[in-house]
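# Topology and contacts: notes
If you want the building blocks of each chain, they are given just below.
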Amino acid sequence: MSFFVKTNTTNDDPFTDALVSLSSDDPYTYVSISALRNSDIFTAINIIAGDLAGNPVLCDTPIFNTMINQTPNPNMSGYSLKYALVANMLLNGNAFAEIRGHDLIFIPNSQMTVTQDDVSGRLTYTYSPDGQTNRVITPGSILHFKYFTKDGVSGISPLFALRDEQQIQSTSNKLLTGFFNSGIHGTKVVQVHKAELSKQAKDNIREQFDEATTGTNALGTMVIDDSMDVSNLELNTDVLKLVNSNDWTTRQIAECFQLPVERLGVENEHSNQEQSNLQYIQSSLQHYMDCMTSELSFKLGHQFAYNTDNLLSLDPQAQQKQAVNGFINGVLTRNEARAKIGLNP
């Protein structure tokens, strides 16, 4: 039973292949980066992937710390690898990296096919770098990160739940684009007196008027004779105001990615910046960090955990309060508390 459907992609770059999107009712079908044209989804993915890539994943074994955070392979930095993996996991539901000795090799989804035996349940990972040669990778030698899973072996992208919202937002953007492309005049009506025009003649007149009144000519002067009348259809600007001010789809995208709405530029009057940052770390990032660290621990046999000090350092007041409380409660030594707020021992 195969649960990944391969389609053609146009790019070999790990970052480019990381940015993929669902295109059908099959949650395991993906297309190339060209489908990612939604600014809210791009922002959500960039925020989450950037924060997970920019914070170290720590282990009690130094070689794993180096392999994950600094030099996972000769071609990628630790940040690049983690960013590509998280972007794939969020947008495609799954992300892959092969364990080759002390290297982690990113594998684009377009080059990986996963099958599961219907009887034994055994997984088979088939790597096809050029679409012609195939190599089977044992499950123990592949890191398979999954965002949302129903069966524990395959992931589903949150975009699968955002299909309607994406279509609504796309339609709204097209409406605004059409309005601005038509210039300040809106839809025009050209009436030609005492003439029966063929379809070709109507098309010619329409093209000439569009050329004369749109784009760089929108504010230019138009000259007609007494055989024509030109008028405009009344624009319902209330519809445009509704489209421009509606943030419902943005809120739905934030909810699906478990992001505070203010991270996508929507004002949230019920929380301040400190509460928002704390909610983001505890309610949003923690889930994604668990997806990463659990797979690393399962395949590499060691315990892994994210160090989020960099995120907390963005709020010096909260960082100082945390260090003081840790020292007062005996969790941190004096020097450890001073180190957390950037002071020398």
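Above this text sits the structure in question.
Here's a quick rundown of the structure. Just so we're clear, the structure is a prediction, and the values are computed from it rather than from any experiment.

The rules behind the values
Position labels on residues start from 1 in each chain and follow its written sequence. Under the rules for a predicted model, residues below a pLDDT of 70 receive no local features and side-chain atom pairs below 80 are neither given nor counted, while totals for whole chains, interfaces and linings still include all residues. Computation of side-chain values: all heavy atoms of the structure, hydrogens and water removed. Two strands make a pair as long as DSSP finds a minimum of two bridges between them. Only DSSP runs of H or I with at least four residues qualify as helices, and only runs of E with at least two residues qualify as strands; both kinds are numbered from the N terminus onward. The axes are straight lines fitted to the C-alpha atoms, using for helices just the contacting stretch, and the angles between their N-to-C directions are given from 0 to 180°. Two residues form a contact once any of their heavy atoms are found within 4.5 Å. Here roughly perpendicular refers to angles of 65 to 115 degrees, roughly parallel to angles under 35, roughly antiparallel to angles over 145, and oblique to all remaining angles. A clockwise turn of the near helix away from the far one marks a right-handed crossing, whereas an anticlockwise turn of less than a right angle marks a left-handed crossing. Lys, Arg, Asp and Glu make up the charged group, whereas Ala, Val, Leu, Ile, Met, Phe, Trp, Tyr, Cys and Pro make up the nonpolar group; the residues left over, Gly among them, are polar. Put plainly, a pocket is an open set of points on a 1 Å grid over the protein atoms alone with protein on both sides within 12 Å along at least five of seven lines, a cavity is a set where a 1.4 Å probe fits but cannot get out, and a lining residue has an atom within 4 Å of a point. Grid points are joined across faces, edges and corners, and a volume is the space filled by probe spheres set on the points. The definition of a nonpolar core used throughout is a set of buried Ala, Val, Leu, Ile, Met, Phe, Trp, Tyr and Cys residues joined through side-chain atoms within 4.5 Å. Categorising residues by exposure relies on relative accessible area from a 1.4 Å probe, with only protein chains included: less than 20% of the type maximum marks a residue as buried, more than 50% marks it as exposed, and the intermediate range marks it as partly exposed. Here a Phe, Tyr or Trp ring, Trp counted by its six-membered ring, pairs with any other such ring whose centre lies within 6.5 Å, and the pair is stacked when the planes are under 30 degrees apart, edge-to-face when over 60, and tilted otherwise. Criterion for a charge above a ring: Arg CZ or Lys NZ at most 6 Å from the ring centre, at most 35 degrees from the ring normal. N or O atoms closer than or at 3.5 Å make up a polar contact, with two conditions inside protein: a donor-capable atom paired with an acceptor-capable one, and, for residues adjacent in sequence, both atoms drawn from side chains. Put simply, a salt bridge is a Lys or Arg side-chain nitrogen that is within 4 Å of an Asp or Glu carboxyl oxygen. An expected span of 1.5 Å times one less than the residue number is assigned to each helix.

## Things to note about the sheet that holds strand 9 (residues 142-146)
Strand order across the open sheet formed by three strands is 5-4-9, with antiparallel pairing between neighbours. Two strands in the sheet have a free side with no partner beyond their single neighbour: strand 5 (103-107) and strand 9. Averaged over all pairs of adjacent strands, the angle between their axes in this sheet comes to 25°, without regard to strand direction. Sheet strands in contact with helix 4 (residues 78-92) are strand 4 (94-100), strand 5 and strand 9, and its direction is about 145° off that of strand 4.

## Things to note about the packing of helix 2 (residues 39-54) against helix 4
Between helix 2 and helix 4, the shortest axis-to-axis distance is 8 Å and the interhelical angle comes to 140°. By the angle between their directions, the pair helix 2 and helix 4 is classed as oblique. As helix 2 packs across helix 4, the resulting crossing turns out to be right-handed. Contact residues: helix 2 offers Ile41, Ile45, Asn46, Ile48, Ala49, Gly50, Leu52, Ala53 and Gly54, while helix 4 offers Tyr79, Lys82, Tyr83, Val86, Ala87, Leu90 and Leu91. For the contact of helix 2 with helix 4, the per-class residue count stands at twelve nonpolar, three polar and one charged.

## Re empty space enclosed by the protein
Taken as a whole and judged by the stated rule, the model has one cavity of 30 Å³ or more. Of the pockets and cavities examined, the largest cavity occupies roughly 70 Å³. Around the largest cavity, the lining residues are Val57, Ile68, Leu81, Lys82, Leu85, Leu104, Leu143, Phe145, Met292, Leu296 and Tyr306. Counting only elements with at least two residues in the lining of the largest cavity, the list comes to helix 4, strand 9 and helix 9 (273-300). With three residues, helix 4 is the largest single contributor of residues to the lining of the largest cavity. Tallied by class, residues from the lining of the largest cavity come to ten nonpolar, no polar and one charged.

## A closer look at the nonpolar core
If you look at the biggest cluster of nonpolar residues, it comprises 52 residues, and the most contacted ones within it are Ile48, Phe257 and Leu259. Contact partners of Ile48, with chain neighbours within four places excluded, come to Val86, Leu90, Phe257, Leu259, Tyr280, Leu285 and Tyr288. Among the nonpolar cores identified, the runner-up in size contains ten residues, and Ile107, Val114, Tyr125 and Val153 belong to it.

## What to know about the sheet that holds strand 7 (residues 123-127)
Taken together, the three strands give an open sheet; going across it, the order is 6-7-8, and neighbouring strands pair in antiparallel fashion. Sheet topology places strand 6 (112-116) and strand 8 (135-137) at the edges, where each strand pairs with a single neighbour. On average, each strand axis in the sheet is tilted by 30° relative to the strand beside it, whichever way the strands run.

## Here's the deal with the packing of aromatic side chains
Overall, the coordinates contain four aromatic pairs when judged by the stated rule. Look at Phe64 and Phe304: their rings are 6.0 Å apart centre to centre, the planes differ by 55°, and that puts the pair in the tilted class. Of the two residues, Phe64 is situated in helix 3 (residues 62-69) and Phe304 in strand 12 (residues 304-306); the sequence distance between them amounts to 240 residues. Like Phe304, Phe64 is buried. Here the guanidinium or amino end of Arg263 rests over the ring plane of Tyr280, the centre of that ring lying 4.0 Å away.

## Thoughts on the side chain of Gln116
Position of Gln116 relative to the elements: it lies in strand 6. Within the structure, Gln116 has its side chain in polar contact with the backbone oxygen of Gly121 (distance 3.2 Å).

## Brief notes about the pattern of salt bridges
As enumerated under the stated definition, the model contains four salt bridges in all. Between Glu98 and Arg100 there is a salt bridge; the shortest N-O distance is 2.8 Å. Residues Arg135 and Glu98 are paired through a salt bridge, measuring 2.9 Å at the closest nitrogen-oxygen approach. One end of the pair, Arg135, is in strand 8; the other, Glu98, is in strand 4, with 37 residues separating them in the sequence.

## Let's talk about helix 4
An α-helical segment advances 3.6 residues per turn. Residues three or four places apart therefore align on the same side. Between its first and last C-alpha, helix 4 extends 21 Å over 15 residues, near the 21 Å set by a 1.5 Å rise per residue. Counted residue by residue, helix 4 has 14 buried out of 15 residues, so it is predominantly covered. A positive phi of about 85° marks Gly93, the residue just after helix 4.

## Notes on the environment of Thr308
The residue Thr308 is located in the loop between strand 12 and helix 10 (309-312) in this model. Classification of Thr308 by relative accessible area gives buried; the value is 18%. In sequence terms Thr308 and Asp51 are 257 residues apart; their C-alpha atoms lie 9.1 Å from each other. Residues contacting Thr308, with those up to four places away along its chain left out, are Asn55 and Met289.

## A few points about the pairing of strand 4
Across the seven residues of strand 4, six count as buried, placing the element largely inside the fold. Pairing between strand 4 and strand 9: five bridges, direction antiparallel. When the sheet's bridge partners are listed, Phe96 is paired in strand 9 with His144. Of the pairings in the sheet, the one linking strand 4 to strand 5 comprises five bridges and is antiparallel in character. Across the sheet, Ile99 pairs through a bridge with Leu104, a residue of strand 5. In sequence, strand 4 turns back onto strand 5 through a hairpin of two residues, with Gly101 there showing a positive phi of about 65°.

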